Amino acid sequence: MDEATAFAPGHVTAFFAPYPDRDPARAGSRGAGLALSDGVEVTVRPADGTGEGSDPAGDAGLASLELDGVPAQMEPVERVLAELNVAAEVAVSSDVPVGAGFGVSGAAALSTALAANAAFDLDRSENDLVRVAHAAEAAAGTGLGDVVGQFRGGLPVRLEPGAPGYGRMDGVPARPRVEYVSFGELSTERVLGGDLDPVREAGEAALTRLMRAPDEAELLAAGREFAVEAGLQVPEVAEAVEAVEAEGGLASMAMLGRTVYALGTGLTDAGYDAAACSIHPTGATLRPEE
Ligand SMILES: Nc1ncnc2c1ncn2[C@@H]1O[C@H](COP(=O)(O)OP(=O)(O)OP(=O)(O)O)[C@@H](O)[C@H]1O
Ligand SMILES: CC(C)(CO)[C@@H](O)C(=O)[O-]
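Predicted, not measured: the structure shown is a model, and the values here were computed from it.

What counts as what
- Residues numbered from 1 in each chain as written.
- Chains lettered and ligands numbered in written order.
- Predicted model: local features only at pLDDT ≥ 70, side-chain atom pairs only at ≥ 80, totals over all residues.
- Helix = DSSP H or I, 4+ residues; strand = E, 2+ residues; numbered from the N terminus.
- Rg over C-alpha atoms; globule rule 2.2 N^0.38 Å.
- Core = buried A, V, L, I, M, F, W, Y, C linked by C-beta atoms within 7 Å.
- Buried ≥ 20, exposed ≤ 12 C-beta atoms within 10 Å, placed from the backbone.
- Contact = placed C-beta atoms within 7 Å.
- Near = placed C-beta within 6 Å.
- Nonpolar A, V, L, I, M, F, W, Y, C, P; charged D, E, K, R; others polar.
- Pairing = 2+ DSSP bridges.
- Axes fitted to C-alpha atoms, helices over the stretch in contact; angles between N-to-C directions.
- Expected span 1.5 Å × (residues − 1).
- UniProt positions renumbered as here; feature names shortened; annotations may be inferred.
- Parallel < 35°, antiparallel > 145°, perpendicular 65-115°, else oblique.
- Left-handed = near helix turned anticlockwise from the far one by under 90°.
- pLDDT = per-residue confidence, 0-100.

S.K.: Sorry if this is basic, but what is going on with the overall build of the protein here?
M.R.: Looking only at helices and strands, the protein features nine helices and twelve strands. Relative to a compact globule of 290 residues, whose C-alpha radius of gyration would be 19 Å, the protein shows 18 Å and is just as compact. Projected onto its principal axes, the C-alpha coordinates of the protein cover approximately 60 × 35 × 30 Å.

Here it is in structure tokens:
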């Protein structure tokens, strides 16, 4: 095939308990979040234009990458191509801001794996490709739980950390409308490189709380409590969450970004100029051939 395109939903983590591991396929997080209809589309094109099998010249992973038309670097994407042993040009386009808590790096890695498998006829299974993307993301330090959530879709719950074969998933059976406003980036690598004990403790408490009553309101409430307990809440987000609550709505902070998300019309009701989307029901997918 000349090229292939895949889509992965943006993934907002409501709360998480990180479990790093030397083996990046076993590394991961427990937690829960929202897979969004807004997300990331990736087109993969063989770099030599042939698309026939893996790269014999040993240039695998030497990808040129564009993010929304501008040359950019994305370590998880490079790692996926190296692991799959192919040389490709990758074009990423994102509906959501990068570095702001939507798991763009995980979505780009996962879409790249799905599209590269098709473009290069690699004959890998979906679980195998999810594992490659998850391990690339964990090894790059840009995320722990986004890829598995993005593959599942819906309101994914990570009961056990890690790639397929190690992790265990569940979900919250709801499909709310979601609004979001982003005030900017927060470095995932810096938070994951810091003291994880308070984050893990708060994340475990939030997961216990959610699984007692797994609905959308509890997901937001558990996320809100987590942001405070884990010491991750930032002032602009706290202000917006309070403004939504003052209007009777539910909002919380997107991990890990300076981003607030709300259910229904919570942010517009509070006077914010918010983007709106729905829940992506089925998760990441190869775009059908035209
Ligand atoms: N313009 C850009 N702004 C921010 N990051 C960029 C940009 N271009 C490329 N990147 C790369 O994108 C990745 C962003 O990862 P990061 O984990 O910070 O955010 P994210 O994946 O969008 O979501 P989350 O905040 O949920 O983890 C990094 O690998 C970074 O090097
Ligand atoms: C670490 C994280 C919050 C970064 O977006 C996410 O990958 C997660 O939930 O593990």
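S.K.: Would you mind showing me how to read the nonpolar core here?
M.R.: Looking at soluble globular proteins, one finds that nonpolar side chains tend to be buried together. The biggest cluster of nonpolar side chains holds 93 residues, and the ones touching the most others in it are Leu-110, Ala-113, Ala-116, Ala-133, Ala-251 and Val-260. If we skip the residues at most four places from it in the chain, Leu-110 touches Ala-8, Val-130, Ala-133, Val-147, Gln-150, Phe-151 and Ala-284.

S.K.: Help me out: how do you make sense of the site of ligand 2 in this one?
M.R.: Around ligand 2 sit Thr-13, Phe-16, Ser-29, Gly-31, Gly-103, Gly-143, Leu-144, Gly-145, Asp-146, Thr-188, Met-255 and Leu-256, and that is every residue in its neighbourhood. In terms of residue class, the shell around ligand 2 is built from four nonpolar, seven polar and one charged.

S.K.: Help me out: how do you make sense of the sheet that holds strand β8 (residues 178-184) in this one?
M.R.: Adjacent strands of a sheet form backbone hydrogen bonds with each other and so pair up, either parallel or antiparallel. Strands sit in the order β9-β10-β8-β11 across an open sheet of four strands; the sheet is antiparallel. Across the chains shown, the open sheet's two edge strands, defined by having one partner strand only, are β9 (251-253) and β11 (275-277). On average, each strand axis in the sheet is tilted by 25° relative to the strand beside it, whichever way the strands run. Bridge count for β8 against β11 is three bridges, and the pairing is antiparallel. Its bridge partner being in β11, Val-178 is matched across the sheet by Cys-277. Of the strands in this sheet, β9 and β10 (258-263) are in contact with helix α7 (residues 216-229), which crosses β9 at around 45°. Packing against the sheet, helix α8 (residues 235-246) makes contact with β8, β9 and β10, and its axis sits at approximately 170° to β9.

S.K.: Before we go on, may I ask you to explain α7 in this structure?
M.R.: Helical geometry: 3.6 residues make up each α-helical turn, so side chains three or four residues apart lie on a common side. With 14 residues, α7 extends 20 Å from end C-alpha to end C-alpha; this agrees with the ideal 20 Å at 1.5 Å per step. Regarding α7, the residues found buried are Glu-218, Leu-219, Leu-220, Ala-222, Gly-223, Arg-224, Phe-226 and Ala-227. Of the surrounding elements, those touching the buried residues of α7 are β1 (4-19), β2 (28-46), α6 (197-212), α8, β9 and β10. Count one or two residues on from α7 and you reach Gly-231, which has phi positive near 70°.

S.K.: Help me understand the site of ligand 1 in this model?
M.R.: Near ligand 1 lie 19 residues; those nearest to it are Gly-99, Val-104, Ser-105, Thr-142 and Thr-188. Broken down by element, the residue count for the shell around ligand 1 peaks at three residues, all from helix α2 (residues 104-119). Of the residues in the shell around ligand 1, the class split is eight nonpolar, ten polar and one charged.

S.K.: What's the story with unusual backbone geometry in this structure? I'm lost.
M.R.: Note: most residues except glycine have negative phi, and most peptide bonds are trans. The omega angle of the peptide bond from Met-255 to Leu-256 is 0°, so this bond is cis rather than trans. Here Leu-256 lies in the loop between β9 and β10. At Asp-68, a residue that is not glycine, the phi angle is positive and equals roughly 50°. Take Asp-68: it is sitting in the loop between β3 (64-67) and β4 (70-71). Phi is positive for Asn-85, which is not a glycine, with a value near 60°.

S.K.: So what exactly am I meant to see when it comes to the UniProt feature "domain: GHMP kinase N-terminal" (unreviewed entry) in the protein here?
M.R.: UniProt tags residues 80-154 as "domain: GHMP kinase N-terminal" (unreviewed entry). A distance of 24 Å separates the end C-alpha atoms of residues 80-154, which is 57% helix and 9% strand.

S.K.: Teacher, can you tell me more about the packing of α6 against α7 here?
M.R.: Axis angle and axis distance: for two packed helices, these are the angle between their axes and the distance between the axes, and together they describe the pair. Closest axis-to-axis distance for the α6/α7 pair is 9 Å, and the angle between their directions is 165°. Taken as axis vectors, α6 and α7 run roughly antiparallel relative to one another. Between α6 and α7 the crossing geometry is right-handed. Taking contact as the criterion, the partners of Ala-202, Gly-203, Ala-205, Ala-206, Arg-209 and Leu-210 in α6 are, on α7, Glu-218, Leu-219, Ala-222, Gly-223, Glu-225, Phe-226 and Glu-229.

S.K.: In this structure, what is going on with the confidence of the model for the protein? I would like to understand it.
M.R.: Fine structural detail should not be taken from predicted coordinates in areas where pLDDT scores are low. For the protein, the mean per-residue pLDDT works out to 94, and 95% of the residues sit at or above 70. For this predicted complex, the interface confidence score (ipTM) comes to 0.95, while the overall pTM stands at 0.95.

S.K.: What should I look at first to understand the packing of helix α1 (residues 75-84) against helix α3 (residues 126-140) in this one?
M.R.: For the pair α1 and α3, the least separation of the axes is 8 Å and the interaxial angle reads 130°. By the angle class used here, α1 and α3 are oblique. In the packing of α1 onto α3, the handedness of the crossing is right-handed. Contacts from Glu-75, Pro-76, Arg-79, Val-80, Glu-83 and Leu-84 in α1 reach Val-132, Ala-133, Ala-136, Glu-137, Ala-139 and Ala-140 in α3. Within the contact of α1 with α3, the residues separate by chemical class into eight nonpolar, no polar and four charged.

S.K.: What exactly am I supposed to notice about the environment of Ala-243 here?
M.R.: With respect to the helices and strands, Ala-243 occurs in helix α8. The spacing of Ala-243 and Gly-266 is 23 residues in sequence and 9.0 Å in space, taken between C-alpha atoms.

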